[in-house]
Amino acid sequence: MSVETQKETLGFQTEVKQLLHLMIHSLYSNKEIFLRELISNASDAVDKLRFEALSKPELLEGGAELKIRVSFDKDAKTVTIEDNGIGMSRDDAVAHLGTIAKSGTADFMKNLSGDQKKDSHLIGQFGVGFYSAFIVADKVEVFSRRAGLDASEGVHWSSKGEGEFEIATVDKADRGTRIVLHLKSGENEFADGWRLRNIVKKYSDHIALPIELPKEQAAAEGEEVPAQEWEVVNRASALWTRPRTEIKDEEYQEFYKHIGHDYENPLSWSHNKVEGKLEYNSLLYVPARAPFDLYQREAPRGLKLYVQRVFVMDQAESFLPLYLRFIKGVVDSNDLSLNVSREILQKDPIIDSMKSALTKRVLDMLEKLAKNEPEQYKGFWKNFGQVMKEGPAEDFANKEKIAGLLRFASTQDDDGEQVVSLAEYLARAKEGQDKIYYLTGETYAQVKNSPHLEVFRKKGIEVLLLTDRIDEWLMSYLNEFDGKPFVDVARGDLDLGNLDSEEEKKEAEEVAKSNEGLVERIKASLGDAVSEVRVSHRLTDSPAILAIGEQDLGMQMRQILEASGQKVPDSKPIFEFNPAHPLIEKLDGEPSEERFGDLSHILFDQAALAAGDSLKDPAAYVRRLNKLLVELSV
Ligand code: ADP
Ligand code: MG
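Attention in this report is confined to the structure presented alongside it. None of these values were measured; they are calculated from a predicted model. (Residues numbered from 1 in each chain as written. Chains lettered and ligands numbered in written order. Predicted model: local features only at pLDDT ≥ 70, side-chain atom pairs only at ≥ 80, totals over all residues. Heavy atoms only, no water.)

**A closer look at the sheet that holds strand β16 (residues 436-440)**
Put simply, the test is: Two strands qualify as a pair provided DSSP detects at least 2 bridges between them. Secondary structure elements are defined from DSSP: runs of H or I of at least 4 residues count as helices, runs of E of at least 2 residues count as strands, and each element is numbered from the N terminus.
Overall, mixed pairing links the five strands, which are arranged β15-β17-β16-β19-β18 in an open sheet. Sheet topology places β15 (409-410) and β18 (480-481) at the edges, where each strand pairs with a single neighbour. For β16 and strand β17 (residues 464-466), the ladder comprises three bridges, and the chain directions are parallel. Within the sheet, the bridge partner assigned to Tyr438 lies in β17 and is Leu464.

See below:
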């Protein structure tokens, strides 16, 4: 063993300690995955070396074949994983093996409940990574040297996984990383060639470089033990270059876990080879679960980019639109240059046409999932629905396709789950219905019971109920689907078109006429608070309602803009009343102007409350109401 210098003991970042604890306690039923993770890292390290060596061939240091070796020592109870990839410097090791670099991790960790069962699901959102070594080892040693550094600048990292690690500078002749696992007592089964070989075949067959294990060779009695021979145990070809028909589902799934740094299987994938003007292979995956940082701006996203099988960059963002940022995968181009940069990618017209083709692939894949596996699609929608709703605004060309993938809650279901597609809505629309009706609001409970729905309930017309923060914004980009316009039922002068019979229309006109006097009286009383007063044909049970002007901002948009500090144009609601309601009849017959004023203001405020809005002057509302209550009780 070479001399160690500059020895230090450092503490793990708090989040690492938590993650280690969580991992050791939640993954005990699938211990063998530690090998998959370490091989995955070794393969990444080789990819990085290959890429850096394009511009600095000297990094290859003589150019031995790039590979991974897995070996074991039954007596010492160790398993060793070695690669000749990019390696780590001392600083790299401290940074990468002592902290979790992902942004937002600390916030995420705060959400851990302490309930082992619940928390173990969260590990899927992280990918388990290097620390999974501690599932089977009670001591882990890493010997590494970064390509290009001097042999004297190797690093020796070691830890028992209990809050601290030691780090020292050592000599290391070969570039790359060697990881030695000292197995826990009870885990000796892993120091076995047959077992290791099976795990490699099971999880790492798709790794595109050779993974070697010692050749099993028994020395005959009395003979000298032969020198170590190695044999390749995986297929060692890039998965995405093989024909689809030859690849098993399990292989696709394992490959996803490797590139997606995910612990769970993907929901779906799409593997394609494109030939012609542009030539590329793509393999795209839909994850089963949203990562915790889906809404963080700086969170990593994008595909792994290869150029003619050579890894070029992670998180190439230019190949998919932002609303598909959750898609994981690989794209391998024959047209791009090996020294392509992010900046070039942003401008290259080749990328634009690849982007629109890949976007279509993803949307097709989601369509297929929705059609063939509706239950799975429900899960997808729960995880990614909100992001998909960003689509119509960002991707005008695919608006109709995206709209077809949207799912909504509706008056037809009463659990508030977003499961109704627009196609389904139209398929069961009433005869003569040529519009898609929807209502937006803060919460499901609020919209479900909104007075705006009364006439729809009476006529048995389905209304979509939209309560995500993004919904109003979404609807401002969706004008129609399948030729049918969207209509906000709380907006403007609701026209039910053919859904109202001639008689109903005539009757409505008559009612409006006979109430002209009352309209004027209420107008005079409410004054500036409203833009208009009119008889409603939306209501059956409630006395009054507030409608939004055709061109005015809805409540959600107003709140979003106000919260972001923008000045929002003042808009006044339309007050609509139901002349058949006893309270309105009473109002109409009220001789005292003062009581008329109080009652109409109360009705106005109540209508605002029912719409989920806040009152401009709540104290005045309470005062007026109490005045009436006192008068009632004497
Ligand atoms: P991830 O692979 O998702 O980045 P890991 O926990 O698996 O997370 O690994 C953490 C980091 O440690 C890697 O990103 C890499 O920088 C470094 N690392 C791990 N193994 C190796 C290796 N064999 N060679 C070089 N760097 C490595
Ligand atoms: Mg990893």
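**Considerations on helix α21 (residues 593-610)**
An α-helical segment advances 3.6 residues per turn. Residues three or four places apart therefore align on the same side. Selection rule: Expected helix span is computed as 1.5 Å times (number of residues minus one). With a 1.4 Å probe rolled over the protein chains alone, any residue whose accessible area is under 20% of its type maximum counts as buried; one over 50% counts as exposed, and the rest are partly exposed. In this description, contact between two residues means that some pair of their heavy atoms is separated by no more than 4.5 Å.
A rise of 1.5 Å per residue sets the reference length of α21, with its 18 residues, at 26 Å; its end C-alpha atoms lie 26 Å apart and thus fit the reference within 8%. By the burial criterion, the buried members of α21 are Phe596, Gly597, Asp598, Leu599, Ser600, His601, Ile602, Leu603, Phe604, Asp605, Ala607 and Ala608. Those residues of α21 hidden inside the fold are in contact with α18 (516-526), β21 (544-547), β22 (574-577), α20 (582-588) and α22 (618-633). Of the residues trailing α21, Gly612 is marked for its positive phi of about 85°.

**Focus: the pattern of salt bridges**
Rules: In the sections that follow, a salt bridge refers to a side-chain nitrogen of Lys or Arg positioned within 4 Å of a carboxyl oxygen of Asp or Glu.
Evaluated as defined, the whole model comprises 49 salt bridges. Between Lys378 and Glu375 there is a salt bridge, and its shortest N-O distance comes to 3.3 Å. Here Lys378 and its partner Glu375 are both found in helix α10 (residues 374-388), three residues apart, which amounts to about one turn of the helix. Overall, Lys378 belongs to the partly exposed group, its relative accessible area being 35%. For Glu375, a relative accessible area of 58% gives the class exposed. Of the charged contacts in the structure, one is a salt bridge between Asp468 and Lys389, with a shortest N-O distance of 2.8 Å. Taken together, the residues span a long stretch of sequence, with Asp468 in the loop between β17 and α16 (471-475) and Lys389 in the loop between α10 and α11 (391-394) at a distance of 79 residues. The pair formed by Asp468 and Lys389 is uniform in burial state, with each residue classed as buried. Residues participating in the shared-partner salt-bridge network are Lys201, Asp205, Arg235, Arg242 and Glu251.

**As for a negative patch on the surface**
For the record, the criterion: Like charges within 9 Å and nonpolar side chains (Val, Leu, Ile, Met, Phe, Trp, Tyr) within 5 Å are joined into patches, using only residues over 30% in relative accessible area that form no salt bridge. What sets the accessible areas is the Shrake-Rupley method with a 1.4 Å probe; for residues, cover comes only from the shown protein chains. A residue counts as positive if it is Lys or Arg and as negative if it is Asp or Glu; His and the chain ends are not included. We put the charge of a Lys on NZ, of an Arg on CZ, of an Asp on CG and of a Glu on CD.
Among the surface-exposed residues, Glu502, Glu503, Glu507, Glu509 and Glu510 lie close enough to one another that they form a single negatively charged patch. By the element assignment, Glu503 lies in helix α17 (residues 502-514).

**Notes on the side chain of His206**
Rules: Polar contacts here mean pairs of N or O atoms no more than 3.5 Å apart (in protein, one a potential hydrogen donor and the other a potential acceptor; neighbouring residues in sequence count only if both atoms are side-chain atoms).
With respect to the element layout, His206 can be found in the loop between α6 (193-204) and β8 (211-214). Classification of His206 as buried rests on a relative accessible area of 4%. A polar atom in the side chain of His206 sits 3.3 Å from the backbone oxygen of Tyr203. Sequence-distant contacts of His206, defined by excluding residues within four places in its chain, comprise Ser237, Leu239, Glu251, Glu254, Phe255 and His258.

**Some words on the site of ligand 1**
Rule in force here: By convention in these notes, a residue is near a molecule or strand provided one of its non-hydrogen atoms lies within 4 Å of it. Lys, Arg, Asp and Glu make up the charged group, whereas Ala, Val, Leu, Ile, Met, Phe, Trp, Tyr, Cys and Pro make up the nonpolar group; the residues left over, Gly among them, are polar.
Every residue lining ligand 1 is accounted for by Asn41, Ala42, Ala45, Asp83, Gly87, Met88, His96, Leu97, Gly129, Phe130, Thr177 and His261. Interatomic distance of 2.8 Å between a side-chain N/O atom of Asn41 and an oxygen atom of ligand 1. In this structure, a nitrogen atom belonging to ligand 1 sits 3.2 Å away from a side-chain N or O atom of Thr177. Coverage of ligand 1 by the protein chains reaches 78% of its 540 Å² of free accessible surface. Examining the composition of the shell around ligand 1, we find that three residues originate from one element, helix α2 (residues 33-55), more than from any other. Residue classes in the shell around ligand 1 are distributed as five nonpolar, six polar and one charged.

**Some details on the packing of α18 against α21**
Counted only if it meets this: Between N-to-C directions, angles cover 0 to 180 degrees, with each direction set by a line fitted to C-alpha atoms, over the stretch in contact for helices. Any angle between 65 and 115 degrees counts as roughly perpendicular, while under 35 counts as roughly parallel, over 145 as roughly antiparallel, and the rest as oblique.
It is the contact of α18 with α21, at a shortest axis distance of 9 Å, that shows an interaxial angle of 85°. Put simply, α18 runs roughly perpendicular to α21. Across from Leu518, Arg521, Ile522, Ser525 and Leu526 in α18, the residues of α21 making contact are Glu593, Phe596, Gly597, Ser600, His601 and Phe604. Split into classes, the residues belonging to the contact of α18 with α21 amount to five nonpolar, four polar and two charged.

**Some details on the sheet that holds strand β12 (residues 303-307)**
The mixed open sheet is built from five strands, whose spatial order is β10-β11-β14-β12-β13. If you trace the sheet from one side to the other, it starts and ends with β10 (268-274) and β13 (310-316), each paired once. Neighbouring strand axes in the sheet, compared pairwise and without regard to direction, differ in orientation by 15° on average. Alignment of β10 against strand β11 (residues 280-286), held across seven bridges, turns out to be antiparallel. Counted as the bridge partner of Lys273 is Asn281 from β11. Against the sheet, helix α9 (residues 349-372) contacts β10, β11, β12 and β14 (328-333), and its axis sits at roughly 40° relative to β11.

**Thoughts on the packing of α21 against α22**
Note the following rule: Should the near helix be turned counterclockwise from the far one by less than a right angle, the crossing is left-handed, whereas a clockwise turn marks it as right-handed.
Packing of α21 against α22 leaves a shortest axis separation of 9 Å and a crossing angle of 125°. Compared by their axis directions, α21 and α22 come out oblique. Every pair of crossing elements has a handedness; the one defined by α21 and α22 is left-handed. On α22, the residues touching Glu594, Arg595, Asp598, Leu599, His601, Ile602, Asp605, Gln606 and Leu609 of α21 are Tyr621, Arg624, Leu625, Lys627, Leu628 and Glu631.

**A short note on the pairing of β14**
Most of β14 is tucked away, with five of its six residues classed as buried. Note: β11 against β14, six bridges, orientation antiparallel. Of the residues in β14, the one forming a bridge with Leu284 is Gly329.

**Overview of the environment of Ser450**
Structurally, Ser450 is set in the loop between α14 (444-448) and α15 (454-459). Residue classification places Ser450 among the buried residues on the basis of a relative accessible area of 6%.

**Considerations on the pairing of β8**
On a regular strand, one side chain projects to one face of the sheet and the next to the other, so that they alternate. Neither face of β8 is open: one carries Ile211 and Leu213, the other Glu212 and Pro214, and all of them are buried. Summarising the sheet, strand β2 (residues 68-73) and β8 pair through two bridges and their orientation is parallel. Paired with Arg69 across the strands is Glu212, a residue of β8. Here β8 runs beside strand β9 (residues 230-232); their pairing, made up of three bridges, is antiparallel.

**Observations regarding the nonpolar core**
Let me state the cut-off plainly: We define the nonpolar core as a collection of buried residues of types Ala, Val, Leu, Ile, Met, Phe, Trp, Tyr and Cys that are connected through side-chain atoms lying within 4.5 Å of one another.
Among the nonpolar cores identified, the biggest contains 74 residues, and Leu305, Phe319, Phe326, Phe380, Met388 and Tyr437 are the most heavily contacted of them. For this core, the element with the most residues is α9, which contributes nine residues. Counting residues in each nonpolar core, the second largest holds 56 residues, with Val16, Leu27, Ile135 and Trp157 among its members.

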